[in-house]
Structures are given as C-alpha cells and as structure tokens.
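Chain residues, written in single-letter form:
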Protein chains: 2
Amino acid sequence: MSKILVFGHQNPDTDAIGAAISFAYLQKELGKETEAVALGAPSEETQYALDYFNVDAPRIVESATGETTQVILVDHNEFQQSISDIADLTILAVVDHHRIANFETADPLYYRAEPVGCTCTIILKMFKENNVTIPKQIAGMMVSAIVSDTLLFKSPTCTQEDIDAANELASIAEINLNGYGLDMLKAGTNLSDKSAETLLDLDAKSFPMGAKNVRIAQVNTVDLNEVLARQTELEVAMKNENATNDYDLFVLIVTNILNSDSELLVIGDSLDKVEAAFNVTLDNNRAFLNGVVSRKKQVVPQLTEAFS
Amino acid sequence: MSKILVFGHQNPDTDAIGAAISFAYLQKELGKETEAVALGAPSEETQYALDYFNVDAPRIVESATGETTQVILVDHNEFQQSISDIADLTILAVVDHHRIANFETADPLYYRAEPVGCTCTIILKMFKENNVTIPKQIAGMMVSAIVSDTLLFKSPTCTQEDIDAANELASIAEINLNGYGLDMLKAGTNLSDKSAETLLDLDAKSFPMGAKNVRIAQVNTVDLNEVLARQTELEVAMKNENATNDYDLFVLIVTNILNSDSELLVIGDSLDKVEAAFNVTLDNNRAFLNGVVSRKKQVVPQLTEAFS
C-alpha cells in the first residue's frame, strides 16, 4: 500500500493545516502510513502557531499523481477547493465541518462531518474514540485551529463542543487560551505589507452557485479602515482575478476580529443577488454586515439561496 | 422545531428500514422528535423480520413537504434514491455506507459514513458512543439488516466489524444468528408468484454514469434457473422500464444466496460497457458472474469506471 497524503483545502488556514497534521498523526498511530501535506504555504497566523509549538510546516504539494493514489481530505470536501488531480485519486476518508457539494466517489469511504466550528474538534473526538494520547505539539496545533476557525469563540459557527475541546487541548498544550489565542489571531492581521493580490488570496474559496462561479475571500483585521483605504487597488485586483479565472463575482469580506463585524466589497455580475442575500443596499460596491464573521454560516448559505 | 423524518432509500431493503427504525429510536432517546418512515413497502424478507420481532412497519411516505422540512437519511445519500422532494428539505444528518454522489447541502450537517457492510453496524457504534441501551426489538431489526446486507457474511462488503456487530446484536435479540438469518433470507426469495415488473422493482436503484442513466436491480434466489426461465418476460418488462423512465441501460443481477454467484441480464444501450466492466462476453444478453453478490462493491464501481 502506498503512502496516504492527508491535506486540507487550497489557501490553507490554521484548521486546514492543524487538522492535516493531527489527523495524519492519529492515522499513523493506528498503523497507516500517512504524511500531512498542504496545498499552499501557511499564513502568518498559522506560522505563528507552528513556530510557537515548534512544528515543521507540512510539505507543499500541487498534485498527488506519481506519488500516491490514496488521499484523506480534512477541512474541505468540494473538489474545486482540493488538490488539482482529486478526480483521479482514491479518497479513503474525509473529516470536515462544511456543507457537502461537488463531491463524489466511486466507492464507499469513511466520511465524518459534524456541524461544529472546527475540524479539529471532531478530530479530538476521534483521538478519544481510538484511545490515542495527544502529544503537546499536536494539541497546540489543534487548539490553534479552533481559535482560528471560531475567532476565539466569537463566530456563530462556534458550538459548546468547540469551547470544551479548546479548553481540553489548551491544557495539554500548556497555554493560556485567551492570551495565546489573541496573539495568534493578531499575527494574522498584518496586512499593510501585502499586495492587493496577496490579500485576496490569503483565505479565498470558489463556490459554484446556480450557473455562476463565485469567489469568496476573507481577511481578518483589527482595523477595517486600514484595509478599506485600499479599496481602489483592491477593486482593480478583483476585476483582474475575475477576468483571469472566469469568476462571475468576487466577494471580499473584511472582518474586524475585535468587534466581530465585517465590511463587504464586491465586484462582478449579479450584485442584485448580493443585495438580496444580505438584505443591504450596496454603496460604492460596499456594505457593512453587522455581526457577520463567518463565511460558512453567514455568507455562503445566504448567497447560495439568492442564486438558487 | 418540527418533527424529523428518518428514512432509507426507495425500494427499501431490510437495512433501509432497520436503520431508519433504529436511528430514529436513538435520536428520540437523545431528545429529538423523530419518526421512522419508509419510501416504500417492506419486502417479504423485511416483513419476516418485522413479524418476528413484533415491530410495526414504518409509515410509507412519498414526500415530506407539508409535514416537515427536516429529514435524516440512512442507508443512502444519492438524491435520485431519496424522497421525491429531497432538494427542498433540510438534511440534518446522514448515516450511510455507500459511495457519495449526487448529494449536496447548503449548510454543514452531521454525516457519518463508513466502508462497512451495513448501516446498522455504524448505528450500533453510535448507540455505544452515546451510552444508549438497545431494546431487544430494535436489536432484532439491526441484526436482520446486517444479515440482509452481507448475505449472512458471504458478501465481499462484509467486514469483521459487521460480523462482531451481528453477534453482539443477536445476543441482545436472543436469536440463533445462522438459523434465523437463513430463514429470513429465504423468506425474501419467494419470487414465483411475482410479476416480472415486481421482480425488477424489489431492490432497484438508479445511477447516473457518465451521460447515461443506469438502473440496477438485484433479486436473491436459491435457484437461478427458476428466475432465468422467465427471461423473455423479464426482457419485455426491462424494455418497458427503460422506455417509461428514460433509463439507457437496465441491469438485472440474479444472485444465488446459497452459492454466492450471480447471473447478469442486461437490456439497453452500451452493452459493450457492460462487457468491459465485468470482462465477460454477453450471450443472449446474459453473463455468469462468478463470486459476484454485491451491487455496491462488485457492480456499481466497475460500471461507473466503464462509463467514465
């Protein structure tokens, strides 16, 4: 049996990388030959966690063919968010906490999804079900993933299970959860030295909606105005992205992680659908979304519904 | 919150009904308002189990709209095998052991699939994870489902987990596993008094493969010749089914549950794909498939591959 590659989605966030590292470790302990890899470089937030817990960043891959035919997906399932040759590979397992779409297999597989805030919350449960002890470094990456995905428990995607899991993992990782968590989140908000193109690609995913191809990017900040001061530059970059990649609509969500609000900036077709989805009127391609911090729960379903 | 309907696939087999009954019971014990329903009448095999354990057959429904918006799927996920208005409903959870295809949700959900022989094997695990005691009647329906799906452990889909689960459930249900199992399977092989149309509909599922719509039906027997003596009548009925339902290809698998072999009878387009899939030459629209008993593992993937 060839090696099994374990990876999260493209433009990996801390959960995509933390879940790959921790699930590959669990499967190795259960006797499988696995390697955690990533479909992109770690963000500054993720790098903060890797450095803090002295964990190597996973090797970056673009395809699996030639190396293996067997893969495990974590923190995603939609093929357009996955490895480039996903359709040619055998997916042995998926552990995820997103909607299921654009996903198909020829054979039965192991699929574990739960509507919780973070993949690592589910993986903690699987460590326990299999009676495998979690090392400090692995627990550190897992708690970092939960802090990241739930914005330190402020996201509406956060459940009591996520909070309990984070506290349990923080204890194994020997960290002060709130202190470490805020430092890690802030490490990801260093946006000023990044080009508009880089900002748009930090945490971006594509979603087919109706007949349209919608790109939704999110950046976290502690100062909305710092990002919005660059609106003209961002709009040019968004138009270029749409033209180059055949996106019909580019949605940028700029999220203030301290206030738990977002500003929306959109470029492309179907702006009326965006207005309908969020019950707002766009002004200068922008709208303020009070209390919106979760792409998964407060953006994707609303836009999907508007396009259906 | 409105009631949650729990059901298996169309043309329900013993697992579709046993899994719905047992998972609805588990969820009720966990505080959810659930009702097990079915998308069709029980087969004679399933009715044997229901009578033996004194369990009422689930109410038959064709759609959920008007009654509830919330459903749980067991033993299937593909929309074309599900309730007629599945696309308009909120799927809260899926427990299944098939490939994933033609399945999509707008929101995250609970999804538990494992590559084991029977849905009830997974449900037993979930009873244990939640520390819920299984009543004798429920255990009886669950062990019946495992016997049915694995053909008393002879199917290649059967895993050690299924065998262990069946033995554990047989003990709760107070049955002799082999004696009860064979009696139940034989109860499902009474084919002589059924019309060709009824035979073709006993356990039939549709699968989109490439651009084609493929219908695959399976009947169990203890005497292949008894069924094949009706070939002309069956072929007429298969042609009618294709014409009426826009199936491009109708595949009938007649399985001898004592010898664990099958005879294939096919009508429609793309017969060359069938020959390629099973590495056989059709003679008089038929081919013998040595050791083939599992549609899921020995028919669907091979045909899917041939059509891809």
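How each quantity is defined
Residues numbered from 1 in each chain as written. Chains lettered and ligands numbered in written order. Predicted model: local features only at pLDDT ≥ 70, side-chain atom pairs only at ≥ 80, totals over all residues. Heavy atoms only, no water. Least-squares fit on C-alpha atoms with pLDDT ≥ 70 in both. Contact = heavy atoms within 4.5 Å. Buried < 20%, exposed > 50% of the residue type's maximum accessible area, 1.4 Å probe, protein only. Helix = DSSP H or I, 4+ residues; strand = E, 2+ residues; numbered from the N terminus. Pairing = 2+ DSSP bridges. Domains from an automatic or database assignment. Buried area = accessible area lost by both parts, 1.4 Å probe. Polar contact = N/O pair within 3.5 Å; in protein donor to acceptor, adjacent residues only side chain to side chain. Axes fitted to C-alpha atoms, helices over the stretch in contact; angles between N-to-C directions.

A.B. asks: How should the relation of the copies chain B and chain A be read in this particular structure?
C.D. replies: Relating the two copies of this chain is a rotation about some axis coupled with a shift parallel to it. Taken as rigid bodies, chain B and chain A are interconverted by a rotation of 180° and an axial shift of 0.0 Å, the fit giving an RMSD of 0.0 Å. Taken together, the rotation and translation relating the two chain copies correspond to the operation of a two-fold axis. In terms of C-alpha distance to the rotation axis, chain B has B:R112 as its closest residue, with the C-alpha 2.4 Å off the axis. In this assembly the copies share their binding face: 100% of the residues contributing to the interface of chain B also contribute to that of chain A.

A.B. asks: I would appreciate a short explanation of the pairing of strand 4 (residues 70–74) of chain A in the present structure.
C.D. replies: Walk down a regular strand and you will see the side chains alternate between the two sheet faces. Residues and elements named next belong to chain A. Among the 5 residues of strand 4, 5 are classified as buried, and the element is accordingly described as predominantly covered. Burial along strand 4 is two-sided: Q70, I72 and V74 facing one way and V71 and L73 facing the other are all buried. As judged from the 4 bridges shared by strand 1 (residues 4–7) and strand 4, these two strands associate in the parallel manner. Residue pairing for strand 4: L5 is matched across the bridge by V71. Both strand 4 and strand 5 (residues 90–96) contribute to a ladder of 5 bridges, which runs parallel. Paired with V74 across the strands is V95, a residue of strand 5.

A.B. asks: Would you mind showing me how to read the domain arrangement of chain A here?
C.D. replies: In many reports, interface size means the accessible area that the parts give up when they come together. Residue and element names in this part refer to chain A. According to the domain assignment, chain A consists of domain 1 (4–189) and domain 2 (196–307). Its C-alpha centre places domain 1 at a distance of 25 Å from the equivalent point of domain 2. Listed as interface residues are 20 residues of domain 1 and, on the opposing side, 23 residues of domain 2. Of the roughly 1900 Å² buried between domain 1 and domain 2, counting both surfaces, carbon and sulfur atoms make up 54%. The largest contributions to the domain 1 side of the interface with domain 2 come from N11, L151 and T189, which together make up 29% of the buried area. Between domain 1 and domain 2 we count 5 residue pairs in polar contact (both at pLDDT 80 or more) in total.

A.B. asks: Which parts of the structure should I look at to understand the sheet that holds strand 11 (residues 286–289) of chain B?
C.D. replies: In a beta sheet, neighbouring strands are held together by backbone hydrogen bonds and run either parallel or antiparallel to one another. Residue and element names in this part refer to chain B. A sheet is described by the order of its strands in space; here 5 strands give the open sequence 7-8-9-10-11, paired in mixed fashion. For this open sheet the edge positions go to strand 7 (204–209) and strand 11, each flanked by a neighbour on one side alone. Strand-to-strand twist across the sheet, computed as the mean angle between neighbouring axes with direction ignored, equals 25°. Sheet analysis places strand 8 (residues 212–221) next to strand 9 (residues 249–256), joined by 8 bridges and oriented parallel. Its bridge partner being in strand 9, R215 is matched across the sheet by F250. Each of strand 8, strand 9, strand 10 (261–268) and strand 11 is contacted by helix 9 (residues 231–245), which is oriented at about 50° to strand 10, the strand it contacts most. Each of strand 7, strand 8 and strand 9 touches helix 12 (residues 300–307); the most contacted strand, strand 7, lies at about 30° to it.

A.B. asks: Honestly, unusual backbone geometry in this entry has me stumped. Any pointers?
C.D. replies: Leaving glycine out, the prevailing phi sign among residues is negative, and the prevailing peptide bond configuration is trans. Phi is positive for A:D246, close to 60°, though the residue is something other than glycine. Looking at where A:D246 falls in the secondary structure, it is placed in the loop between helix 9 (231–245) and strand 9 (249–256). Note on A:D246: relative accessible area 61%, which makes it exposed. One non-glycine residue, B:D75, adopts positive backbone phi at about 60°. Structurally, B:D75 is set in the loop between strand 4 (70–74) and strand 5 (90–96).

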